[in-house]
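What follows is the residue order along each chain.
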Amino acid sequence: MPPESPPVAAPAPAPSTPSPPHQPGLLELFLAFAKMSLAGFGGVLVWARRSIVEHHRWMTAEEFNETFALCHFLPGPNIVNLSVVFGARFRGVAGGLAAFAGLVGPPMVIATVLAALYARYGDIDVLGRTLAGVACAAVGLLFAVVLKMMMPLLQRRDVTGLVILAAVFVAIGLIRWPLQIVLLVAIPHSIAITILTRRMVKA
Amino acid sequence: MSPEPNPIAALLWTFGLMSLFAVGGANSAIPEMHRAAVDVHHWLTDKQFADVFAISQLSPGPNVLIVTLIGYSVAGVAGALAATVAMCGPTALLAYYVSRFLDRSRGARWPAIIQAALVPLSIGLMAASGLIVAQTSDQSWIAVLITIVAAALAFATRINPLWMLLAGGLLGFAGVI
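Residue numbers run consecutively from 1 along every chain, following the written order of its sequence. Going through the entries in the order they are written, you letter the chains from A and number the ligands from 1. Local features are withheld for residues below a pLDDT of 70 in this predicted model, meaning they are given only at 70 or higher, and side-chain atom pairs are given and counted only at 80 or more; totals for whole chains, interfaces and linings count all residues. As a rule here, side-chain values come from all non-hydrogen atoms in the structure, and water together with hydrogens is ignored.

Details of helix 2 (residues 30-40) of chain B
Residue and element names in this part refer to chain B. Of all eleven residues making up helix 2, eight are buried, and the element is well covered by its neighbours. I30, P31, E32, M33, H34, A36, A37 and V38 are the residues of helix 2 that are buried. A run of H or I in DSSP becomes a helix once it reaches four residues, and a run of E becomes a strand once it reaches two; helices and strands are each numbered from the N terminus. Just downstream of helix 2, H42 is the residue with a positive phi angle, here 55°. Classification of residues uses two cut-offs on accessible area relative to the type maximum, computed with a 1.4 Å probe and protein chains only: under 20% is buried, over 50% is exposed, and between them is partly exposed.

Here's what the structure looks like:
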């Protein structure tokens with residue numbers, strides 16, 4: 001028997017009656033988002049999905065995807081947007097604030113403590129070398145995400161998408177132009193190209 | 001290094017504005033964070049920026065907490081709070097209002113189009129983020145090798161990324177890099 005399957009109660013004994021979805025309270029929202037946030041090293045999204053869709057069943061997978069797509073297309077930290085939109089859906093503004101506070105509050109305390117430690121001990125040689133090693137690996141993880149996100153573009157042979165991608169990379173990464181200027185030029189162009197190519201595909 | 005009149009106001013303005021342009025999440029804004037914190041305001045050195053990036057990746061919670069660390073180094077606890085609220089607040093408000101608007105007008109096709117248009121932009125931004133942090137952290141060929149191995153492992157396997165961060169830290173601790 002594979003070790004990860006417990007002998008008893010393997011499929012969670014879900015209540016078979018699809019009763020009206022349970023409405024989380026403010027404290028419940030705060031605690032749920034605090035938990036997924038503290039579990040999330042290198043990204044909270046996986047844990048958010050697990051908690052919201054699989055554990056609490058507050059949303060179906062489709063609802064979660066739709067909500068996440070919205071939060072991904074808006075600027076800013078996606079998961080932060082998700083917490084606010086999700087909390088507000090159940091409990092209005094207070095719910096949005098509760099979920100946001102849960103997501104950002106506890107990790108922020110940890111980050112502040114780490115920052116204080118770094119301010120005091122950051123000059124120590126061994127600590128500096130250790131962090132440099134972590135940074136090397138962390139950059140690798142970032143490149144892996146970039147590669148994974150590029151695969152659909154490559155598979156679709158989406159040449160315009162790849163050209164836009166490369167142009168942004170050169171402008172920001174190599175020339176180091178300010179983000180605002182690059183995006184104010186790139187976003188309208190990219191939207192126009194997307195609309196044009198969709199029309200051409202339809203025609 | 002130049003003492004600014006009000007560092008909290010500078011943090012609020014810098015990150016408040018940045019949050020509205022962080023297309024594709026916090027990691028897409030890293031080039032702009034580096035530009036603002038290292039080149040424009042001289043809040044951090046190149047090395048400190050790489051360290052702060054490493055600490056933020058090691059800590060639990062959303063990646064956006066890198067701004068908490070930058071804020072702390074500028075103005076202590078108040079700075080940490082100001083930077084975090086400035087980076088999260090404006091877009092959270094925007095998300096709240098847009099989601100309410102979309103709930104009332106179902107089936108809008110604009111989100112799909114805009115999202116499709118933004119995907120290549122945010123990938124390009126994240127690639128630039130990788131390059132900028134790599135230029136400050138990958139100072140030896142072994143460091144470059146570690147980055148490549150971590151990228152390959154994370155791309156091809158389902159190993160928990162935390163193990164790779166810890167392995168990188170151990171190699172750094174041992175003085176290999």
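More follows now that the structure is in view.
Quick look at the packing of helix 5 (residues 125-155) of chain A against helix 3 (residues 46-58) of chain B
Axis lines are fitted to C-alpha atoms, over the contacting stretch for helices. Their N-to-C directions set the angle, which ranges from 0 to 180 degrees. Packing of helix 5 of chain A against helix 3 of chain B leaves a shortest axis separation of 8 Å and a crossing angle of 70°. Taken together, the axes of helix 5 of chain A and helix 3 of chain B are roughly perpendicular relative to one another. In this structure, helix 5 of chain A meets helix 3 of chain B at a crossing whose hand is left-handed. Across from A:G128, A:L131, A:A132, A:V134, A:A135, A:A138, A:V139 and A:L142 in helix 5 of chain A, the residues of helix 3 of chain B making contact are B:K47, B:A50, B:D51, B:F53, B:A54, B:I55, B:Q57 and B:L58. Across the contact of helix 5 of chain A with helix 3 of chain B, the residue classes tally to twelve nonpolar, two polar and two charged. When describing relative orientation, an angle under 35 degrees is termed roughly parallel and one over 145 degrees roughly antiparallel, while 65 to 115 degrees is termed roughly perpendicular and anything else oblique. Should the near helix be turned anticlockwise from the far one by less than a right angle, the crossing is termed left-handed; should it be turned clockwise, right-handed. The criterion used for residue contact is that any of the two residues' heavy atoms lie within 4.5 Å. Each residue is assigned to one of three groups, with Ala, Val, Leu, Ile, Met, Phe, Trp, Tyr, Cys and Pro labelled nonpolar, Asp, Glu, Lys and Arg labelled charged, and all others, Gly among them, labelled polar.

With respect to the interface of chain A and chain B
With 86 residues of chain A at the interface, the matching set in chain B holds 94 residues. Here the quantity called buried area is the accessible surface, traced with a 1.4 Å probe, that two parts lose on coming together, added over both. With both sides pooled, the region where chain A packs onto chain B buries about 7,900 Å², and carbon together with sulfur makes up 79% of that total. One speaks of a salt bridge when a side-chain nitrogen belonging to Lys or Arg is within 4 Å of a carboxyl oxygen belonging to Asp or Glu. Inspection of the region where chain A meets chain B yields zero salt bridges. Every element with two or more residues in the side of chain A that touches chain B is listed here: helix 1 (26-39), helix 3 (61-73), helix 4 (78-121), helix 5, helix 6 (159-174) and helix 7 (179-202) of chain A. Ranked by the residues each element gives to the side of chain A that touches chain B, the list is headed by helix 5 of chain A, at 26 residues. By residue class, the composition of the side of chain A that touches chain B is 62 nonpolar, 18 polar and six charged.

What to know about the UniProt feature "transmembrane region" (unreviewed entry) in chain B
Residues and elements named next belong to chain B. When the UniProt feature table is mapped onto this chain numbering, "transmembrane region" (unreviewed entry) sits at residues 69-98, 110-134 and 140-157. Helix makes up 100% of residues 69-98 and strand 0%, whereas the separation of the span's terminal C-alpha atoms amounts to 29 Å. As a span, residues 140-157 carries 89% helix and 0% strand, and end to end its C-alpha atoms are 26 Å apart. UniProt positions are given in the numbering used here, feature names are shortened, and annotations may be inferred rather than shown by experiment.

So, the nonpolar core
Core analysis: the biggest nonpolar cluster contains 108 residues, and A:I52, B:F15, B:M33, B:W43, B:I70 and B:M87 have the highest contact counts within it. With residues near it in sequence (within four places) discarded, A:I52 still touches A:F33, A:M36, A:R57, A:W58, A:M59, A:F64 and A:F86. Put simply, a nonpolar core is a bunch of buried Ala, Val, Leu, Ile, Met, Phe, Trp, Tyr and Cys residues held in one set by side-chain atoms that sit within 4.5 Å of each other.

Notes on the state of the cysteines
Throughout, a disulfide means two cysteine sulfur atoms within 2.5 Å of one another. Scanning all chains against the criterion turns up zero disulfides over all chains. As a non-bridged cysteine, A:C71 has B:C88 as the owner of its nearest cysteine sulfur, 13 Å distant.

Structural notes on the pattern of salt bridges
Evaluation of the coordinates by the stated rule reveals four salt bridges over all chains. In this structure, A:R129 engages A:D125 in a salt bridge whose closest nitrogen and oxygen atoms are separated by 3.6 Å. Taken together, the residues span about one helical turn, with A:R129 and A:D125 both in helix 5 at a distance of four residues. Relative accessible area serves as the criterion here: at 26%, A:R129 is assigned to the partly exposed category. Linking B:R35 and B:E32 is a salt bridge whose minimum nitrogen-to-oxygen distance equals 3.2 Å.

Examining the UniProt feature "transmembrane region" (unreviewed entry) in chain A
All names here are of chain A. The feature "transmembrane region" (unreviewed entry), as given by UniProt, occupies residues 29-48, 97-120, 126-147 and 159-175 in the numbering adopted here. Annotated as 100% helix and 0% strand, the span residues 126-147 places its first and last C-alpha atoms 32 Å apart. Secondary structure across residues 159-175 divides into 94% helix and 0% strand, with the first and last C-alpha atoms of the span separated by 22 Å.

Things to note about the packing of helix 1 of chain A against helix 2 (residues 45-55) of chain A
Residue and element names in this part refer to chain A. Two elements in contact, helix 1 and helix 2, have axes whose closest approach is 8 Å; the angle formed by their N-to-C orientations is 145°. Handedness of the crossing formed by helix 1 with helix 2: right-handed. Contacts between helix 1 and helix 2 involve F33, M36 and A39 on the former and, on the latter, W47, A48, S51 and I52. Of the residues in the contact of helix 1 with helix 2, the class split is six nonpolar, one polar and no charged.

A short note on the side chain of A:T67
All names here are of chain A. Following the sequence through the fold, T67 ends up in helix 3. Taking relative accessible area as the criterion, T67 reaches 4% and is therefore assigned buried. Counted as a polar contact is a pair of N or O atoms within 3.5 Å, where, for protein atoms, one must be capable of donating a hydrogen and the other of accepting one, and residues adjacent in sequence contribute only when both atoms are in side chains. Separated by 3.3 Å, the side chains of T67 and R89 make a polar contact. Setting aside chain neighbours within four positions, we find T67 in contact with M59, L82, V85 and R89.

Let's talk about the packing of aromatic side chains
All names here are of chain A. For this analysis, a ring pair means two rings from Phe, Tyr or Trp (six-membered ring only for Trp) whose centres lie within 6.5 Å, classed as stacked if their planes differ by under 30 degrees, edge-to-face if by over 60, and tilted for the remaining angles. In total, this model carries five aromatic pairs over all chains according to the counting rule given. Aromatic pair F86 and F90: ring centres 4.9 Å apart, planes at 65°, arrangement edge-to-face. You can see F86 and its partner F90 sitting in helix 4, four residues apart, about one turn around the helix. F90 shares its class with F86; the two are buried. One aromatic cluster in this structure is built from F33, W58, F86 and F90. The ring of W47 is capped by R50, whose NZ or CZ atom sits 4.8 Å from the centre of that ring. A ring is scored as having a charge over it whenever the NZ atom of a lysine or the CZ atom of an arginine sits within 6 Å of its centre and within 35 degrees of its normal.

Focus: the environment of B:G24
Relative to the helices and strands, B:G24 resides in the loop between helix 1 (7-21) and helix 2. Once the C-alpha coordinates of B:G24 and B:T68 are considered, the two residues, 44 residues apart in sequence, prove to be 19 Å apart. With residues near it in sequence (within four places) discarded, B:G24 still touches A:H72, A:N78 and B:S122.

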